[in-house]
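So you can see what is in the structure, the chains are spelled out below.
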Amino acid sequence: MTGLAVGTLRAASTPPATLPATGVEHVAWLLLVFPLAGAAILLLGGKRTNAWGHLVGVAMPVAAFCVGVAMFVQMLGQPASDRVRSMTIYQWVIVSRFRVPMGIRIDPLSICFVLLITGVGSLIHIFAVGYMSHDPERRRFFGYMNLFVAAMLLLVIANNYLGLYAGWEGVGLASYLLIGFWQYKPAAAVAAKKAFIANRVGDVGLSLAIMLMFTTFGSVTFSGVFHEAPKASHEVITAIGLLLLLGACGKSAQVPLQSWLLDAMEGPTPVSALIHAATMVTAGVYLIVRSGPIFNLSPGARLAVAIVGAVTLLFGAIIGCAKDDIKKALAGSTMSQIGYMMLAAGLGPAGYVFAIAHLLAHGFFKAGMFLGAGSVKHEMNDEVDMRRFGGLDKIMPVTFVTFLLGYLAIIGVPPLSGFFTKDPIIDAAFAKGGTSGALLGTAALLGAGITAFYMTRVMFMTFAGERRWEADQHPHEVPPVMTSPMVVLAIGSVAAGGFLILGNRLLNFLGPITGVPPTSHGIWTKAGLAALVLVAVGMVIAWALYGRRPVPATAPAGNPVTVAARKDLYGDAVNESLLMRPGQWLTRLSVFFDNKGIDALVNTVAATFGGTSGRMRRVENGFVRSYALSMLVGAVLLVGALLLVKL
Amino acid sequence: MTGSVAAITHTIAAPSIEWSLLSPLVLVFAAATVGVLVEAFAPRDLRRALHIAISLGGLAGAFVLTIVVAHSHIFAGGKPGVVAAVGAVAVDKPTLFIQGTILVLAFVSVLLIAESSHDAFAAQAAAVPGSAAEREGLLAGLTHTEVYPLTLFSVGGMLLFPAANDLLTMFIALEVLSLPLYLLCGLARRRRLLSQEAAMKYFLLGAFSSAFFLFGVAMLYGYSGSVQLAAIATAAQSGVGSATLLYAGIALLGIGLLFKIGAIPFANWKPDVYQGSPTPVTALMASCTLVSAFGALLRVFYVAFGQLTWDWRPVMWGVAILTMLVGSIVAITQTDVKRLLAYSSIAQAGYVLTGVIAANTAGLSGSMFYLAAYGIATIGAFAIVTLVRDQTGEAAHLSSWAGLGKRSPLVAGLFALFLITFAGIPLTSGFTSKFAVFRAAIQGGALPLVIIGVISSAILAFPYVRVIVLMFFSDPAPDGPVVVRPSGFTSAAVAVGAAATLVLGIIPQPLLNIANHAASHLFVR
Amino acid sequence: MGHYVPILILAALATVFAVFSIIAGALAGPKRWNRAKLESYECGIEPTRQPAGIRFPVKYYLTAMLFIIFDIEIIFLYPWAVYFDKLGVFGLVEMVTFIATVLVAYVYVWRRGGLEWD
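To keep things clear, this report deals only with the structure shown in the data block.

Cut-offs applied
Residues numbered from 1 in each chain as written. Chains lettered and ligands numbered in written order. Predicted model: local features only at pLDDT ≥ 70, side-chain atom pairs only at ≥ 80, totals over all residues. Heavy atoms only, no water. Salt bridge = Lys/Arg side-chain N within 4 Å of Asp/Glu carboxyl O. Helix = DSSP H or I, 4+ residues; strand = E, 2+ residues; numbered from the N terminus. Buried < 20%, exposed > 50% of the residue type's maximum accessible area, 1.4 Å probe, protein only. Contact = heavy atoms within 4.5 Å. Buried area = accessible area lost by both parts, 1.4 Å probe. Polar contact = N/O pair within 3.5 Å; in protein donor to acceptor, adjacent residues only side chain to side chain. Axes fitted to C-alpha atoms, helices over the stretch in contact; angles between N-to-C directions. Parallel < 35°, antiparallel > 145°, perpendicular 65-115°, else oblique. Left-handed = near helix turned anticlockwise from the far one by under 90°.

Moving on: the pattern of salt bridges. Summed over the entire model, instances satisfying the criterion amount to 21 salt bridges over all chains. Between D107 of chain A and R290 of chain A there is a salt bridge whose closest N-O contact spans 2.9 Å. Remark: R290 of chain A occurs in helix α12 (residues 283–290) and D107 of chain A occurs in the loop between β3 (98–106) and α4 (108–131); sequence separation between them is 183 residues. Accessibility assignment for this pair places D107 of chain A and R290 of chain A in one class, buried. The salt bridge partner of D272 of chain B is R339 of chain B, with a shortest N-O separation of 3.0 Å.

Following this line, the structure appears as structure tokens:
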């Protein structure tokens, strides 16, 4: 452990100054231009780009990745205090006192995301060339994917909250378009709508947070807000923090806005891998970590973040245990893993770095597993029910091995990625101390065991055991254009965690931005060892249930917990009672308003004035009269109110 | 107009009229008068071409003159504005901005009116619907070319309305803008009865609201002894006279103005009239009339009642809240696309009202920007409505729009763009403009109003998204409507609307700068 | 307020007289109803019902409206004539413009056949 370097970091409490862009950062806008140009060419070019469109679609994220790598290399050459770079592209909004420059901020945090988005994004684009090869709308698919990459990059490199919000809405739009990509399937269309609406609820939180920031700090740029934040009152900071959390919950599928993610699996599998596993759903974690200087000032808001994370990590894991649809099981797992990241982010400087480390490692192993699930689905004629898989390990060896490595990584078997990135989160949760620390740590620990159970279950049901397919399914290994990205991601699953954590690489890189934990965590901690024991227990139980005996082709009735988990732990029922019922009630109310409301209001008032309205309605064309009457009533009220105010 | 009563007994001097300052107004009215002569003398087959040339030329010329006036008389002198025509008309920076906006919007609306591939206007409006006379007119290929001069007269009134510096001029402007609109509403070619009903309703309720306006003028004259806005402000400041007269006057005058902008509870005419009118006329009303009425409302409440902000603000809060909420909630259940846009327009009026309530320069500039951005987008939306047609004319019922995205992705995509901007999604003009008014309202201390505004726009996003889902994720009906191929006029209107929506969303700064500059000194007194 | 007392007394007297006449007539007069007496206009001629859908000619309205327009024009012309000297060229130009615009409307009605009686 390089305790010396960390110690120096701990001593330097002031964040590094924001410097003007230099060198290759001058062309940072190319990050946005490449994928945007790709989207424009593919979506506006129409059918004439069908033949070569997917090549453009792949080339653009790769080009952006090259720009990102160049900037990363340049950044490594600079001293740690000079790594925050900002450049203004143009003045977006100037309204008297209010100025929002449209600008780019390149710092260690954003460069991590740039590399993840463009790197993993490029691999998934390559995979999609093979996966979507039979789809007549492949060009449009790549157009939307490029649009997504552009919006996601805007989200992470904007130097102000308004720019982040624009990217935030952009990824929401792209996600909506891609979930509903097979719009002829009613389930896909409904899922797209559900995702959109759940995200809108979160977006209200984010937009209110931004407005509150503007009124409080007079600025929405990161540097401006963070500079002013310590001067604001504690209540305002907490309110901003909670509103940001609401936004993060919507985008990152955290309880209580989680239910859309499971349905979002209706989209093509590369979309699930890129948007609903590796990048977009982690935007909430980015938001929290980026807003660290605000959360650092409010222990209450931080605790709320941690609680949401802890609840979601158990919630997602339990759902993952009961799903027979391989993609939905993985979606539950995604929810759960993001819960870990949120939990870490909620621990403040003690956890920010680990949240990002887990996020990056998760980007590799979860994307890899989704691609594996996609290639299985591709070969099994779009079957996703794991009860109809089995015995695929010999037939699809590359898929099997890459999936296996991702599996070992996610459950945290040393020395794979998950071990290095998840255990520090559990340890940091316990290290928080007090009752809350113990509870959060226990939840995280329990989650590790459940993770091992459901992931082992997925492995056994998909790859092991006897073959439970239909006669017309003839799976064999997918072509190299699809296997090669899986191989690259599998390498990442194996090595990313160790690379980031060992030697405090990520800690030293991000530390100046996010702050560093007050205490060091060793590689082998008590919490980590306990987690390993629970992981082993989970694996054994899964083996006993699914490996030792044959898997029935139809789901057994199951106990009440399984039934609840199959129904997404009643997430939809909660939505229904909290969001939909009031909505329906509102709709009925507005029907009432539309048909009679305005008239009825008039009539009620009129009835008190001698029941004149009854006679008026008998007149053949009573509508203009009733309009005029409502105007009159409004006029009386208006005059009365104004006189009352004054007299 | 005033102050001359006393002078008559002594001497009478010829009033001074600053023709150069009034030249945009005069040009529009002159073009309208020439239009009437064209109607009287030009042969039938030449009329339409002549009318289009005169209308577009007149409006473009007036726009150029507005800019010339702004540069030569206002900026050159470094003045915030001047009062012309013996105090009847104020020519100041906000007015010039509003007039410029109206002229641009009117120009684009006239493009829609001029569309010839599918005529929107009746052959013989005087013929009984369904009668032999009507059929004869249709067979003879007649159409009412009077719409052009009527539009120009109305636009002239709209230009005068926000510029009027005394209440009588304002009343005359109100009538000049309204009367041609009443006629235009009744001229729809299809669904004649609905159109006539719309015209009748608009006329009756408009007359009703004019009475309120006039009554308010009388009260204020009784209070201050003058109809000049500045004199009323002075009297209100000194605080002598009966407060009852003053506040009743404010309320009644306000009612007349709120009717025209379509604020709840004075907006029940809007859905019926928007639905029944020929769609190009609806576009004209939804854009130009709204801008003009807000211009007048801003002037009256900032100039005449500017000292009394604390007194009228609570009531306006109530009106704005009602307008935003009722407009957005009722929009949810609409099944007719024009009624949906009408309720949307009501809610949007509520958002602009929050800018008015701010009563500061940011509120004025935000409102003006909002009106310009919304006006151009709403014309684009109505232009799309004219294109989606079935056997009965425009396919008004939303169910027939199902699957439009599969038949005509471009048209459906553009309509989706306009809906997205109405919903206020970032990178469209709707976001920038909502941001501007809400920000001004927060500065003006109206945070609760802004919260309700955000909630209302969240509610309003629902019907919009429903339409988008319907267009892109539903299967088209086999006998559904077709999208007609428009001539250059409608295409130009749609293109201008879409381009402005995107440009004002991505690079709003140039127009925001102009609006800020225009609002920097508020109105001249 | 004292100045208005006679007016108020007069108004009260008028109201009382009207109400008294109606009530007195209703109470004192003999009631022998027949069909003609229940018609809207009791003038001896039986009204004929108009067939639905056929409308009245608007010629009379047109005439009346033209009369009002020219009437208002005259109202403007009188004070101008009285102060013709003092208003000078400005007044002349204004009045010519005014008459010309009214004439435009008149010409439109004439050219479009509004003045043809049949």
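Moving on, we come to the environment of A416 of chain B. Secondary-structure assignment places A416 of chain B in helix α17 (residues 409–423). The spatial distance from the C-alpha of A416 of chain B to the C-alpha of Y464 of chain B is 8.1 Å, given a sequence separation of 48 residues.

Attention now goes to the interface of chain A and chain B. Taken residue by residue, the interface counts 49 residues in chain A and 55 residues in chain B. Summed over both partners, the interface of chain A with chain B comes to about 5,000 Å²; 78% of that surface belongs to carbon and sulfur atoms. Three residues, M631, L638 and L642 of chain A, lead the burial of chain A against chain B; their summed loss comes to 14% of the area buried on that side. On inspection of chain A and its partner chain B, the count reaches 0 salt bridges. Scanning the region where chain A abuts chain B turns up 2 residue pairs in polar contact (both at pLDDT 80 or more). Every element with two or more residues in the side of chain A that touches chain B is listed here: β2 (85–95), α6 (161–179), α7 (186–217), α24 (571–608) and α26 (623–646) of chain A. Among the elements that make up the side of chain A that touches chain B, the one with the highest residue count is α26 of chain A (16 residues).

This brings us to the packing of helix α5 (residues 138–157) of chain A against α6 of chain A. Residues and elements named next belong to chain A. Close contact between α5 and α6 brings their axes to 7 Å; oriented N to C, the two are set at 160°. By the angle between their directions, the pair α5 and α6 is classed as roughly antiparallel. Read as a crossing pair, α5 and α6 show a hand that is left-handed. On α6, the residues that touch F141, Y144, M145, L147, F148, A151, M152, L154 and L155 of α5 are G163, L164, A166, G167, W168, G170, V171, A174, L177 and L178.

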